[in-house]
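# Fold and contact review
Here's the letter readout for the chains.
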Amino acid sequence: LAKHPEIKALMKPDYNLIWVVVLMVLAQLTAFYLVKDLDWKWVVFWAYVFGSCISHSMTLAIHEISHNSAFGNCKAMWNRWFGIFANLPLGLPYSISFKRYHMDHHRYLGGDGIDVDIPTNFEGWFFCTRFRKFIWIVLQPFFYAIRPLCINPKPISRLEIINLLAQLTFDVAIYYLWGVKSIFYMLAGSVLGLGLHPISGHFIAEHYMFLKGHETYSYYGPLNLLTFNVGYHNEHHDFPNIPGKSLPLVKKIAAEYYDNLPQYNSWIKVLYDFVMDDTISPYSRMKRQLKGEVKQD
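Just so we're clear, the structure is a prediction, and the values are computed from it rather than from any experiment.

A tally of regular secondary structure across the chain gives 14 helices and two strands. Relative to its length of 297 residues, the chain is compact, with a C-alpha radius of gyration of 19 Å against a globular reference of 19 Å. Each of the three principal axes of the chain carries a C-alpha extent, and together these read 55 × 45 × 40 Å. Relative to its full complement of 297 residues, the chain shows a buried share of 52%. Nonlocal contacts in the chain, meaning residues at least 24 apart in sequence, comprise 76% of its contacts between residues at least 6 apart. When the accessible area of the chain is evaluated, it comes to approximately 14700 Å², of which 67% is carbon and sulfur surface.

Below, the structure written as structure tokens:
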């Protein structure tokens, strides 16, 4: 910032995010209606080909919203309510809890017992062979759901209860209107999109140490178009209050800080290398013993 003070001008809400999220919710509602009378094989097909992409993209929209990128920091609660709305087509309550834990990830990156992005000791011990690492990738949604309860359980908040009730109401309404195939499409798309899916390469690409001494990596490939530029991950951790839309400008302005860092151009290759490289496993993360006062969300 001392060298490039113009970066401060990028620290503002991305109001286009609001309309993109609304269109994504409408797209999924349309899909729920269209799949209700399809054969099951086509429900599964469209859940993976289309629904999974929208669902995973929506989780990254929720990531943006968790940083108050939709309405700005001065309207934090507007962002929380909007996150609950964005959560609806995923089928499972996620937005409010994600926000609470994700702020810890930014404040205490790699913090032992705090940052639930770090796999558990069991994951590192058990998923150590190529086949088991492949299974670990398939089951990533499961581990991301239960890991907070094992590593850093938090009291349930009022907003989390509201998130749960809103989601249950929505799910019941979809089942009542369009039946079990629409519900299956919704849930299957979320699970498949966060598991064995090209976009899921970002889970591993972001912080797994393929190179010693480098714990955060950026990805500059085309899937950033579907993921609100979450691939610009060094840039995001340097400036978490800059919306994803503006992160390419951060890289352009401060190119001397980012161009020479290790980077990826393919999340699919990241997944392949993670499975096939015997030196990489869920243990390949930087873990820190935190000192001093820890303030959690």
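Structure shown, so let's carry the discussion forward.
As recorded in UniProt, the sites labelled "transmembrane region" (unreviewed entry) are residues 17-35, 42-61, 81-98, 161-178 and 184-205. In residues 17-35, the share of helix is 100% and the share of strand is 0%. The end C-alpha atoms are 27 Å apart. Here residues 161-178 is 100% helix and 0% strand, with 26 Å between the C-alpha atoms at its ends.

Looking at the element boundaries, D14 is found in the segment before helix 1 (16-35). If we skip the residues at most four places from it in the chain, D14 touches S69, A70, P243 and K245.

According to the stated counting rule, one finds one cavity of 30 Å³ or more in the structure shown. Of the pockets and cavities examined, the largest cavity occupies roughly 40 Å³. Looking at the largest cavity, the residues that line it are I62, I65, S66, N79, R80, G83, S95, I96 and K99. Elements with a contribution of two residues or more to the lining of the largest cavity: helix 2 (40-66), helix 3 (76-87) and helix 4 (95-107).

Along its 14 residues, helix 9 (residues 180-193) runs 19 Å from first to last C-alpha, staying within 8% of the 20 Å computed at 1.5 Å per residue. Among all positions in helix 9, only K181, S182, I183, Y185, M186, A188, G189, S190 and G193 are buried. Those residues of helix 9 hidden inside the fold are in contact with helix 1, helix 2 and helix 8 (158-178).

Grouped together as the largest cluster of nonpolar side chains are 36 residues, with contacts concentrated most on V21, M58, W136 and I204. Taken together, the elements giving at least two residues each to this core come down to helix 1, helix 2, helix 3, helix 6 (130-138), helix 10 (201-207) and helix 14 (267-276). Each residue touching M58, except ones within four places of it in the same chain, is listed here: V21, M24, V25, A86, P89 and L90. Residues F32, V35, Y185 and A188 belong to the second largest nonpolar core, which totals twelve residues.

Attention now moves to the environment of Y185. By the element assignment, Y185 lies in helix 9. Since its relative accessible area comes to 1%, Y185 is described here as buried. Here the alpha-carbon distance between Y185 and K36, two residues 149 residues apart in the chain, equals 8.9 Å. Apart from residues lying up to four places away in sequence, Y185 is in contact with Q28, A31, F32, V35, V43, W46, A47, F50 and G51. Of note is the side chain of Y185, whose polar atom sits 3.0 Å from the side chain of Q28.

In this structure, the largest pocket encloses a volume near 1300 Å³. The wall of the largest pocket is formed by 42 residues, among which Y94, S97, F98, Y144 and A145 lie closest to the centre. Of the residues forming the lining of the largest pocket, the biggest block, eight residues, is contributed by helix 7 (residues 140-151). Of the residues belonging to the lining of the largest pocket, the class tally is 24 nonpolar, eleven polar and seven charged. The space that makes up the second largest pocket amounts to roughly 250 Å³. Surrounding the second largest pocket, 17 residues form its lining, V20, N224, L225, L226 and F228 being those nearest its centre. At the level of secondary structure, the elements contributing two or more residues to the lining of the second largest pocket comprise helix 1 and helix 2. Of the residues that constitute the lining of the second largest pocket, the class distribution is eight nonpolar, six polar and three charged.

The positions UniProt marks with the feature "domain: Fatty acid desaturase" (unreviewed entry) are residues 41-263. With 61% helix and 1% strand, residues 41-263 has its two end C-alpha atoms placed 38 Å apart.

Applying the stated criterion across every chain, the model contains 25 aromatic pairs. Ring geometry for F122 and F127: centres 6.3 Å apart, planes at 85°, overall edge-to-face. By relative accessible area, F127 is classed as buried at 5%. Relative to F274, the ring of Y208 lies with its centre 5.9 Å away and its plane at 80°, an arrangement referred to as edge-to-face. Within this pair, whereas Y208 is found in the loop between helix 10 and strand 1 (218-219), its partner F274 is found in helix 14, the two being separated by 66 residues in sequence. Of the two residues, Y208 and F274, neither departs from the other in class, the shared state being buried. A network of ring pairs unites the aromatic residues F122, W125, F126, F127, F142 and F143 as a single cluster. Between K154 and the ring centre of Y101, over which it is positioned, the NZ or CZ distance is 4.6 Å. Here R285 stacks its cationic end above the ring of Y208, 4.9 Å away from the centre of that ring.

Criteria and thresholds
Residues numbered from 1 in each chain as written. Predicted model: local features only at pLDDT ≥ 70, side-chain atom pairs only at ≥ 80, totals over all residues. Heavy atoms only, no water. Helix = DSSP H or I, 4+ residues; strand = E, 2+ residues; numbered from the N terminus. Rg over C-alpha atoms; globule rule 2.2 N^0.38 Å. Buried < 20%, exposed > 50% of the residue type's maximum accessible area, 1.4 Å probe, protein only. Contact = heavy atoms within 4.5 Å. Areas by Shrake-Rupley, 256 points an atom, 1.4 Å probe, with all protein chains shown as cover. UniProt positions renumbered as here; feature names shortened; annotations may be inferred. 1 Å grid on protein atoms, 1.4 Å probe; cavity = no way out; pocket = protein on both sides within 12 Å on 5 of 7 lines; lining within 4 Å. Points joined across faces, edges and corners; volume = space filled by probe spheres on them. Expected span 1.5 Å × (residues − 1). Core = buried A, V, L, I, M, F, W, Y, C linked by side-chain atoms within 4.5 Å. Polar contact = N/O pair within 3.5 Å; in protein donor to acceptor, adjacent residues only side chain to side chain. Nonpolar A, V, L, I, M, F, W, Y, C, P; charged D, E, K, R; others polar. Phe/Tyr/Trp six-rings, centres within 6.5 Å; stacked < 30°, edge-to-face > 60°. Lys NZ or Arg CZ within 6 Å of the ring centre and 35° of its normal.

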